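Structure assessment
Here's the letter readout for the chains.
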Amino acid sequence: MVIVVDTVSATPLRPRHPEKVNRPDAFSPPKPNWIRVRAPTSRGYADTRRIVKENGLVTVCEEAGCPNIGECWDKKHATFMIMGDTCTRACAFCNVKTGMPGALDEHEPEHVAEATFKLGLAHIVITSVDRDDLADGGADHFAQTIRAIRARCPTTTIEILTPDFLRKDGALERVVAAKPDVFNHNLETVPSRYLSVRPGARYFHSIRLLQRVKEIDPALFTKSGIMVGLGEERHEILQVMDDLRSADVDFLTIGQYLQPTRKHHAVMRYVPPDEFAGYEKIAYTKGFLMVSASPLTRSSHHAGDDFAKLRAARAAISG
Ligand code: SF4
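Described below are features of the structure shown in this document. (Residues numbered from 1 in each chain as written. Predicted model: local features only at pLDDT ≥ 70, side-chain atom pairs only at ≥ 80, totals over all residues. Heavy atoms only, no water.)

Things to note about the site of the ligand
Near the ligand you find V60, C61, C66, N68, I69, C72, H77, T79, R298, S300 and H301, and these make up its full shell. Mapped by element, the contributors of at least two residues to the shell around the ligand are helix 2 (60-63) and helix 3 (69-74). In the shell around the ligand, the residues fall into 5 nonpolar, 5 polar and 1 charged. (Near = heavy atom within 4 Å. Helix = DSSP H or I, 4+ residues; strand = E, 2+ residues; numbered from the N terminus. Nonpolar A, V, L, I, M, F, W, Y, C, P; charged D, E, K, R; others polar.)

Side note on the sheet that holds strand 1 (residues 80-82)
Taken together, the 7 strands give an open sheet; going across it, the order is 1-4-5-6-7-8-9, and neighbouring strands pair in parallel fashion. Two strands lie at the open edges of the sheet, namely strand 1 and strand 9 (290-293), each paired on one side alone. Taken over all neighbouring pairs, the strand axes of this sheet differ in orientation by 20° on average, direction set aside. Against the sheet, helix 4 (residues 108-119) touches strand 1 and strand 4 (123-128), its axis set at about 175° to strand 1. (Pairing = 2+ DSSP bridges. Axes fitted to C-alpha atoms, helices over the stretch in contact; angles between N-to-C directions. Contact = heavy atoms within 4.5 Å.)

A word on the nonpolar core
A general tendency of soluble globular proteins is for nonpolar side chains to be buried together. The biggest cluster of nonpolar side chains holds 44 residues, and the ones touching the most others in it are F80, I126 and F183. The element best represented in this core is helix 5 (residues 139-152), accounting for 6 residues. In this view, I126 contacts F80, I82, V112, F142, T145, I149, E159, I160 and L161; residues no more than four positions away in its chain are not counted. In terms of nonpolar packing, the next biggest core, distinct from the first, is built from 25 residues, L187, V249, F288 and V291 among them. (Core = buried A, V, L, I, M, F, W, Y, C linked by side-chain atoms within 4.5 Å. Buried < 20%, exposed > 50% of the residue type's maximum accessible area, 1.4 Å probe, protein only.)

Okay, here's the thing in C-alpha cells:
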C-alpha cells in the first residue's frame with residue numbers, strides 16, 4: 001500500500017488575524033470569579049442559533065466571543081453584524097476576523113429584517129465590521145438595513161452600533177437620515193491608549209461623530225462605550241465622560257476588557273464590581289440619561305430594556 005501525502009494542493013488555513021501572528025504572546029492574569037459565565041445550553045439559545053443560520057447571518061455575539069451569549073440568545077437577543085465577517089481594521093482588542101472583505105450581499109438587509117421578525121424582537125441592535133474599502137464605508141447598506149427592518153417590523157425599535165466612517169464624507173448623514181432610534185459608536189478606550197488599542201481610529205473624530213449625530217437629528221438617542229482593563233487611568237475615564245457629555249451623548253456603557261487570544265492586548269487589570277458601581281454613580285452626576293457599568297456590560301447587553309429606561313429618562317426631564 002502506498003500512502004500519498006498531498007503537500008501541494010492543500011490550502012493552508014488562513015489565520016483569523018494575520019497581522020497578529022508574529023506578535024509575542026501576551027499573558028493576562030487569571031479571570032476573577034465575578035467574570036465567570038455559564039456555557040450556553042438552553043432551548044432559546046438553540047432556537048436563536050437556528051434562525052441566525054437559516055438566514056445566513058453573522059452575529060457579533062459569536063464573532064467577538066461575547067461572554068453573555070448564553071443569557072442573550074436564551075432571550076432571542078442576537079446582535080447582527082452586517083457587511084460580512086471580515087474587518088478592514090486590526091484593533092488590538094477585537095476578535096473579529098481581519099483582512100479584505102468580499103462584496104456586499106445586496107439581500108442582507110431583507111435577511112436581517114426577516115430574522116428580526118422571526119425572533120420577535122421589540123428592539124434590535126445592528127452592528128458591522130469596518131469597511132474602509134467601500135467609498136461610503138457601508139453607510140448606504142446601514143441605511144438600507146434600517147429601512148428594511150422598519151418595513152418588515154414597524155414596531156421594532158432600532159439601535160445601530162457603527163464604525164467611525166473616518167474619511168468618508170457624507171456617510172454619517174446618510175445613516176442618520178434613515179432614522180435609527182439609537183445611534184451608538186464606541187470610543188472603546190481612553191485617548192492615551194488609542195495608538196496601541198485602536199490604532200486605525202482617531203479619538204476626537206469619534207467624539208465629533210457622536211456630536212454630529214445630535215446636531216443633525218436632536219431626537220436620536222446617542223450612546224457610546226469604553227472597556228476598562230487596558231491600562232487606562234481613573235482620571236482618564238472621568239475625562240472621557242466629560243468629553244462625551246460635551247458631545248451631548250445620552251448613554252454610557254463601561255465593561256471589562258477580556259482578551260480573546262494571547263496575540264491580543266493583555267488584560268492589564270480586572271476592575272472589581274464596586275469600582276464599576278462608582279463609575280456609574282459619577283457618570284450619572286455628569287448628566288448621562290442612562291449608564292450601564294459592570295464587568296460584563298457590553299453595548300448590546302440588555303439593550304432593549306435599557307432603551308425603555310432611556311426613553312423614560314428623557315421624557316422625565318422634558319416634563
Ligand atoms: S451582549 Fe451583545 S454581543 Fe454579547 S451576546 Fe448579548 S447581544 Fe450578543
